[in-house]
Amino acid sequence: MGLTLNVSGLKKSYAGTVVLDGCSYRFESGSVYAIMGPNGAGKSTFLRLCALLERPDEGKIDFLDEDVSLEHDLSLRRCITLLLPAVGVFNTSVYENIAYGLKLRKVNKAETEETVLNAAEIVGLKDKLRRRAVTLSSGETQRMGLARALVISPSVLFLDEPTAAVDAGSSIAIEEIIQNITHTLNAAIILSTHDRELADRAADVILTLRNGRFS
Amino acid sequence: MDLIIEGIRKASLLIYTLDAELMGIVLLSLKVSLTALSVGAILGVPAGALICLKNRFPLRHFVLNILNTAMGLPPVVVGLFLYLMLSRRGPLGFMGILYTAPAMIIAQSILAFPIVASLSYAAIGSVPPIIRQAALTLGATSYQSAMAIVKEARYGIISGVMAAFGRLSAEVGAVLIVGGNIAGRTRVITSAIVLETDKGDFSQAIALGIVLLGISFCVNIALYFFSRRGNAAGYRYWV
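Now for a quick tour of the structure. Computed from a prediction, not measured in an experiment: that's the story for all the values here.

It is worth spelling out the packing of helix α3 (residues 94–104) of chain A against helix α5 (residues 138–150) of chain A at this point. Any two packed helices are characterised by the angle at which their axes cross and by the distance between the axes. All names here are of chain A. Where α3 meets α5, the closest approach of the two axes is 7 Å, and the angle between their N-to-C directions is 35 degrees. Classified by chirality, the crossing of α5 by α3 is right-handed. Within the contact between the two elements, α3 uses V94, N97 and I98 and α5 uses M144, A147 and R148. Taken together, the residues of the contact of α3 with α5 break down into four nonpolar, one polar and one charged.

What follows is the structure in structure tokens.
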């Protein structure tokens, strides 16, 4: 276990509405965290801030002892990834979608192929790599999103409502994948969910977001 | 009616035998229009992307209005403007390119640029923001995420380029003014049709018309193909 992400006093408002009001927590690698809370509690906002997609109004996000909340090095940002509830499918093949992060990192072709095949096997899409990604079902799309995140071996993996838009069968499959990658990926996995049972089964720590803070 | 039937018969023969004069005109037309299209696309696609993707682009709406207006630029006005610029007494008269293919290419590039830029802007703007966010979450820089958006918009952009080609290949006003319709040098399909009709040589005019329609048909087939590919992606962008 080692410190990966330390969030302190995170505040964020939209048009005068306070969404986060001093969120603090210390996330460590090798653990799974579930963030619960009612709709509008700020779960997605918290994840988007921590994944450095948005900047907080106040507060600090320390990653590897460096405050990355306002300015950050690309190499540090590339250690953190977020699987959005709407995956954002590129209109290419499933293979190219999964390989996207590796292409950005200029990984060579042979290594890319091996990594993509491994990830596709983990998420059960090995036989669909040549298909156009836009033709996948919702559950398959979500699993492709997971594979896309897995190939870049993140130190911190955020999953925003990973099972919200899929059927029961796909939800179980995704939950199994999350549990499997916990052992192989030495990362802090932080997921937001409404599903109490999923949180109980998959997470080591359950955090509840209320009134803009963890309780 | 007999005149038309006889014209079509002779025109078919000219096309079938690959008449040298006819082929020369067709090839020059394609050369001029495709070169102008390339210039328009090389400048227009990045311009459309820049206007759409750059945060705080100055006077965005004003520039867009100019581009949209320029999409409907009358070719004869472009031809007249360019003629005045390139004529001996004009500011660019020293170049000595009036009544040459390069002058026609410049005229058609001016016509192609706003079409490509404006339609590229529309195509890039229709890509959902989730694509950019997905790219960023996977470690893309701002530039790389912008390129991901442009790549997603590729079918729309290609459709825009094809639409511009459709306009260029059918355009007559500008090329006639700055090209001069000189046989073997600046005579293209449209200007040749005007001339042959004036001369009463309908078979040559009809043959050129058939070729022009064929080009237009191919462009439309390509447009249909690319718009279908784009739509196929569109329905799942949000997933």
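Text resumes after the structure shown.
Let us look at unusual backbone geometry. All names here are of chain B. Of note, the phi angle at R56 is positive, near 55 degrees, even though the residue is not glycine. Looking at R56, the relative accessible area reads 77%, which means it is exposed. Positive phi is not limited to glycine here, since L59 has a value of about 55 degrees.

A few words on the interface of chain A and chain B. Of the residues lining the interface, 32 residues belong to chain A; the matching set on chain B comes to 25 residues. A combined buried area of about 2,300 Å² lies between chain A and chain B, and 53% of that area is made up of carbon and sulfur atoms. Counting across the interface, chain A meets chain B through zero salt bridges. The interface formed by chain A and chain B holds ten residue pairs in polar contact (both at pLDDT 80 or more) in total. Where the side of chain A that touches chain B is concerned, the elements lending two or more residues are α2 (74–77), β6 (80–83), α3 and α5 of chain A. It is α3(A) that contributes the most residues to the side of chain A that touches chain B, five residues altogether. Here the side of chain A that touches chain B is built from residues that sort into 15 nonpolar, nine polar and eight charged.

Here the focus is the layout of surface pockets. Of the voids in this model, the largest pocket is the one considered here, and its volume is about 600 Å³. The wall of the largest pocket is formed by 19 residues, among which L53(B), K54(B), R132(B), A146(B) and I149(B) lie closest to the centre. Elements that contribute at least two residues to the lining of the largest pocket include exactly α2 (20–53), α5 (101–125), α6 (129–137) and α7 (142–152) of chain B. A per-element tally of the lining of the largest pocket places α7(B) first, with seven residues. Residues belonging to the lining of the largest pocket are distributed by class as follows: 13 nonpolar, four polar and two charged. Here the second largest pocket is characterised by a volume of approximately 480 Å³. Lining the second largest pocket we find 19 residues, and of these E96(A), A99(A), Y100(A), K103(A) and K151(B) sit closest to its centre. Of all the secondary-structure elements, those providing two or more residues to the lining of the second largest pocket are α3 and α4 (109–123) of chain A together with α7 of chain B. Looking at the lining of the second largest pocket, the element that brings in the most residues is α3(A), giving six residues.

With that settled, the discussion passes to a negative patch on the surface. All names here are of chain A. On the surface, a cluster of negative charge is made up of D65, E66, D67 and D73. In this fold, D73 is placed in the loop between β5 (66–67) and α2. Residue class for D73 comes out partly exposed when judged on its relative accessible area of 38%.

Residue and element names in this part refer to chain B. In this structure, I115 sits in helix α5. The sequence separation of I115 and P75 amounts to 40 residues, and the corresponding C-alpha distance is 13 Å. In contact with I115, other than residues within four places in its own chain, are M71, G160, A164 and R167.

Time to look at the environment of I182(B). Residue and element names in this part refer to chain B. Relative to the helices and strands, I182 resides in the loop between α9 (173–179) and α10 (189–199). Sequence separation of I182 and A192 is ten residues, and the distance between their C-alpha atoms is 9.4 Å. For I182, the contacting residues outside a window of four places in its chain are Y99 and R187.

To continue, consider the nonpolar core. Counting residues in each nonpolar core, the largest one holds 138 residues, and the members touching the most others are L5(A), F27(A), F46(A), I98(A), F158(A) and I190(A). Not counting the four nearest positions on each side in its chain, L5(A) is found in contact with Y25(A), R26(A), F27(A), C50(A), I61(A), D62(A), F63(A), I80(A), V156(A) and F158(A). By size, the runner-up hydrophobic cluster in this structure holds six residues, among which are A47(B), F57(B), L64(B) and A117(B).

Reading the values: the criteria
- Residues numbered from 1 in each chain as written.
- Chains lettered and ligands numbered in written order.
- Predicted model: local features only at pLDDT ≥ 70, side-chain atom pairs only at ≥ 80, totals over all residues.
- Heavy atoms only, no water.
- Axes fitted to C-alpha atoms, helices over the stretch in contact; angles between N-to-C directions.
- Helix = DSSP H or I, 4+ residues; strand = E, 2+ residues; numbered from the N terminus.
- Left-handed = near helix turned anticlockwise from the far one by under 90°.
- Contact = heavy atoms within 4.5 Å.
- Nonpolar A, V, L, I, M, F, W, Y, C, P; charged D, E, K, R; others polar.
- Buried < 20%, exposed > 50% of the residue type's maximum accessible area, 1.4 Å probe, protein only.
- Buried area = accessible area lost by both parts, 1.4 Å probe.
- Salt bridge = Lys/Arg side-chain N within 4 Å of Asp/Glu carboxyl O.
- Polar contact = N/O pair within 3.5 Å; in protein donor to acceptor, adjacent residues only side chain to side chain.
- 1 Å grid on protein atoms, 1.4 Å probe; cavity = no way out; pocket = protein on both sides within 12 Å on 5 of 7 lines; lining within 4 Å.
- Points joined across faces, edges and corners; volume = space filled by probe spheres on them.
- Patch = residues over 30% accessible without salt bridge, like charges linked within 9 Å, V, L, I, M, F, W, Y side chains within 5 Å.
- Areas by Shrake-Rupley, 256 points an atom, 1.4 Å probe, with all protein chains shown as cover.
- Lys, Arg positive; Asp, Glu negative; His and termini not counted.
- Charge placed at Lys NZ, Arg CZ, Asp CG, Glu CD.
- Core = buried A, V, L, I, M, F, W, Y, C linked by side-chain atoms within 4.5 Å.

Any link to function would need more than the numbers given here.
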